[in-house]
Amino acid sequence: MYIEKVQAMDVSYNLLNLTGKAIDILAKFSKADIRVHDVGRIPKAPVVFVVNHFTRMETFFLPNVIHKITGKYIYSLAHHSFFVGGFGTFMEKVGAVSTKDPLRDVKFIGALLRGDMDCIIFPEGQMVKDKKLVERGKYMVYNSGIRRPPHTGAAFIALRAQFYREELKSCKERNACDELNNLMAHFGISEQELSHITNQETYIVPVNITYFPIRARANILNKIANKLVKALPERIEEELEVEGTMLVEGVDIDINFGNPIAISPFLKSYLAKQKIKSKKLYLDPQELQSDVLLRKIAIDIMYRYMRDIYAMTTLNHDHIFSYFLTKTKNRIKETDFKTKAYCAIESVKKLNLATCHTSLQLKQGYLLTDDPHGRYNDFIDAAKSEGLISIKDGFIYKNKEKFSRLYEFHTIRKDNIVEVLKNEIEPLEQVIKKLDKVFWTPMFCIRRKLVKSFYKRDREIFEKDYKEFFKQGETKPKHIGMPLFKKRWFAHTGIVLVHGYMAAPEEMRQLAEFLYKKGYTVYCARLRGHGTSPEDLATRSWEEWYESVNRSYIVVKNSAKKVFICGFSTGAGLTLLHAANKKDALQGAIAISAPYRLQNIAAGLAPVVDTWNKFLSFLKIKKIGRMDFIPNHPDNPDINYLRNPVSGIHQMEVLMNLVEKRLADISIPVLIMQGAGDKTVDPKGAFEMFMKIASEKKEFTMVHSKSHGITRGEEGKVVARRVAAFIKDYA
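All values reported here derive from a predicted model rather than from experimental measurement.

### Here's the deal with the sheet that holds strand 19 (residues 562–568)
- In spatial order, the strands read 16-18-17-19-20-23-24; together these 7 strands make up an open sheet with mixed pairing. Both edges of this open sheet fall to strand 16 (484–486) and strand 24 (698–703), since each of them pairs with a single strand only. On average, each strand axis in the sheet is tilted by 15° relative to the strand beside it, whichever way the strands run.
- Pairing analysis gives 5 bridges linking strand 17 (residues 493–498) to strand 18 (residues 521–525), with the strands arranged parallel. In the sheet register, Val498 faces strand 18, and the bridge partner there is Ala525.
- Helix 25 (residues 542–557) contacts strand 16, strand 17, strand 18 and strand 19 of the sheet and is inclined by roughly 165° relative to strand 17.
- With respect to the sheet, helix 29 (residues 683–692) is in contact with strand 23 (670–675) and strand 24, its orientation differing from that of strand 24 by roughly 170°.

Printed below as a string of structure tokens:
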């Protein structure tokens, strides 16, 4: 008879508490953000946590994370190489069990039976640095030059714990006193503990850990290590570069807990019940592990939790960028790459995945607007620095040699993280189908859909605002504020026209008609808060105006190969800011009467008055002492508001202050136009602004005028001819 007794591990709870505090302190000093999801799925019962294994550090922080959630300490399985000397003793004291400990299963099963401590097991059996888990539809792990199935150890440990629990229950129900006493003696169970143990259930809880972003760079940790130790092993060097960068530069660590897998239902078959009721107690672990029935059950459980683990991968931007990059044969237009990434994200959102990175839930328009964005730029910069891609003349060129090479398993995270990230989402079949559909959709179909979608969205936004802020006797007819889109089929050049402050798209209609007749596609944007009522404008920020232009830009960009932006007054300020941000994505920019220096003294007081109004709002004072609007005497009363919101003036000032700081970033062709008799904007400021623009291709035109508005009437004809000539020169 097998006589080895199940016993509690020699764990130091004081050392566990001290280690947990040390990990908390390190976490505070690092830039890692640990986000835990669905902790409510963890049952209040004995649990084996099965976790995907990608980094060394998760073996240290995860037991601490789970302890904080459940209040129970954790036993974890660790590679035998750690159990050497004093460090090995430390590992044992904090609940780690060596993979070569002959009593490892016995210790785990004892903990699960008593239910006083839970267990963590990494079913891959090692760190899976390449994240390549799926091979011909099956889960396979790279090991010693070959691919093998994941271990079934976690499944067997949970199965055996529940099997012995069922045996104890069966013996108790059958009054099989001798067998019951033998089992209780073997497991060290007292009469008082028996009922508690037999009434429990053993569970396996799948856990997925996803890191974002993953970058391999020299950092302070590997620099210190290289100074202390000469000729660090390549494997350690790689781990310091990857995991050190996570800690030093920041990483989001999403920990997702899956639905618990109860083990007792797997033991409900006739054959399993017969084994449980038999007089043979199966106390020798080899008896159960060699049993054909239980081996089959263990394999079924293993595939179940492996599917669950990788189905919880937290999808992020880098996954989508990496998948498209690996699918690209030789090269792809960068604008097409970003456009397809946008469409893929929007498509994936429709799946309502529970495990999407928070950044995917935000608006993704930056991928279509050619504005700079950290997520995309960081990925591209990393791919370029690793020699995976190069960018030239607007194309992303793939380094085919880098993608066809067989990498060393322990350095692939450093050598080709793009392949690693692509591998990570292969098990997400629904996601892959969505990505493939977008990738293989012809660009002309995607562009046509985007044009239709964003034009419709722009009109719907106006309709909603018009209805909400309509003011009888003050709101102009709907056609004044409606976005205007005049498309020329097969036109190579398109122009976004941006109206001024307190105006509407109608202000730019004369110029739009002129340019349309010249053969250009034209879109007159509507800035939020305009074309409705002053009350609407009072609620808007300059950022909302900027995004209004972006919606128009997306329509024109997907309707023509070359795009110009032309703005009047505040629209000119927005035009210059777009020119600074979008750079070579724009063919050129035209700024007409930009409010660089305002003539009206009220404009200078606007920030103070706006702050005072907000203070009164804080005090819930609605009328006394407030000055929300000032009278306006516009050049075009059929278009412009007759009341000017103070908050709007303040927003215009904030915008132009930002524009002034960004003029040196403008490198594309620019035309500055200014009315000589402008009584709203100081004409001298236009030339001052012109001189600060960094572009080598810049032109300045002064137009004879008696007022600020020079886009309509006779002055409008002069402006239109000059704008058309500039576009012709640079298109």
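### Some remarks on the pattern of salt bridges
- Taken as a whole and judged by the stated rule, the model has 47 salt bridges.
- Residues Asp378 and Arg217 are paired through a salt bridge, measuring 3.1 Å at the closest nitrogen-oxygen approach. One end of the pair, Asp378, is in helix 16 (residues 374–385); the other, Arg217, is in the loop between strand 10 (203–212) and helix 8 (220–228), and 161 residues separate them in sequence.
- Salt-bridge contacts for Lys692 lead to Glu688; the nearest nitrogen and oxygen are separated by 3.8 Å. Highlighted residues: Lys692 and Glu688, both in helix 29, separated by 4 residues, approximately one helical turn.
- Taking the relative accessible area as the measure of exposure, Glu688 reaches 33% and is therefore partly exposed.
- Overlapping salt bridges bring together Asp465, Arg526, Arg528, Asp536, Arg540 and Glu544 as one network.

### Concerning the sheet that holds strand 13 (residues 331–333)
- Pairing is antiparallel in the open sheet, where 3 strands are placed in the order 13-15-14. Each of the sheet's edge strands pairs with one partner strand only, and the pair in question is strand 13 and strand 14 (389–392). Ignoring which end each strand starts from, the neighbouring axes of this sheet average 25° apart.
- In this structure, strand 14 lies alongside strand 15 (residues 395–398), joined through 4 bridges in antiparallel fashion. Along strand 15, the bridge assignment pairs Ile391 with Ile396.

### Describing the layout of surface pockets
- Here the largest pocket defines a volume of roughly 1600 Å³.
- Only helix 14 (334–349), helix 16, helix 21 (443–469), helix 25, strand 19 and helix 26 (570–582) provide two or more residues apiece to the lining of the largest pocket.
- Counted by class, the lining of the largest pocket contains 18 nonpolar, 10 polar and 19 charged residues.

### Comments concerning the nonpolar core
- If you look at the biggest cluster of nonpolar residues, it comprises 86 residues, and the most contacted ones within it are Leu315, Phe324, Leu435, Leu576, Ile666 and Ile672.
- A per-element tally of this core places helix 25 first, with 8 residues.
- If sequence neighbours within four positions are ignored, Ile666 has contacts with Leu576, Ala579, Ala580, Ile693, Ala694 and Ser695.
- Membership of the second largest hydrophobic core comes to 59 residues, among which are Phe108, Ala111, Val128 and Ile297.

### Things to note about the packing of aromatic side chains
- Enumeration over the complete set of coordinates arrives at 25 aromatic pairs.
- Between Phe163 and Tyr164, the aromatic rings sit 6.1 Å apart at their centres with planes inclined by 80°, giving edge-to-face as the arrangement.
- When the centroid spacing of 6.3 Å and the interplanar angle of 80° are considered together, the rings of Phe564 and Phe726 count as edge-to-face. One end of the pair, Phe564, is in strand 19; the other, Phe726, is in helix 30 (residues 713–730), with 162 residues separating them in the sequence.
- An aromatic cluster is defined as three or more aromatic residues linked by ring pairs; in this entry it consists of Phe321, Phe337, Tyr376 and Phe379.
- Its guanidinium or amino end placed over the ring of Phe54, Arg413 lies 5.1 Å from that ring's centre, counting from NZ or CZ.
- Of note, Arg457 hangs over the ring of Phe454, and the distance from its end group to the ring centre comes to 4.3 Å.

### A closer look at the pairing of strand 23
- Most of strand 23 sits out of view: 6 of its 6 residues are buried.
- On strand 23, burial covers both faces: Val670, Ile672 and Gln674 on one face and Leu671, Met673 and Gly675 on the other are all buried.
- Where strand 20 (residues 588–592) meets strand 23, 4 bridges bridge the pair, whose relative direction is parallel. Within strand 23, the residue paired with Ile590 across the bridge is Leu671.
- Looking at chain direction, strand 23 and strand 24 are connected through 6 bridges and run parallel. Along strand 24, the bridge assignment pairs Met673 with Thr701.

Definitions and limits used
- Residues numbered from 1 in each chain as written.
- Predicted model: local features only at pLDDT ≥ 70, side-chain atom pairs only at ≥ 80, totals over all residues.
- Heavy atoms only, no water.
- Pairing = 2+ DSSP bridges.
- Helix = DSSP H or I, 4+ residues; strand = E, 2+ residues; numbered from the N terminus.
- Axes fitted to C-alpha atoms, helices over the stretch in contact; angles between N-to-C directions.
- Contact = heavy atoms within 4.5 Å.
- Salt bridge = Lys/Arg side-chain N within 4 Å of Asp/Glu carboxyl O.
- Buried < 20%, exposed > 50% of the residue type's maximum accessible area, 1.4 Å probe, protein only.
- 1 Å grid on protein atoms, 1.4 Å probe; cavity = no way out; pocket = protein on both sides within 12 Å on 5 of 7 lines; lining within 4 Å.
- Points joined across faces, edges and corners; volume = space filled by probe spheres on them.
- Nonpolar A, V, L, I, M, F, W, Y, C, P; charged D, E, K, R; others polar.
- Core = buried A, V, L, I, M, F, W, Y, C linked by side-chain atoms within 4.5 Å.
- Phe/Tyr/Trp six-rings, centres within 6.5 Å; stacked < 30°, edge-to-face > 60°.
- Lys NZ or Arg CZ within 6 Å of the ring centre and 35° of its normal.

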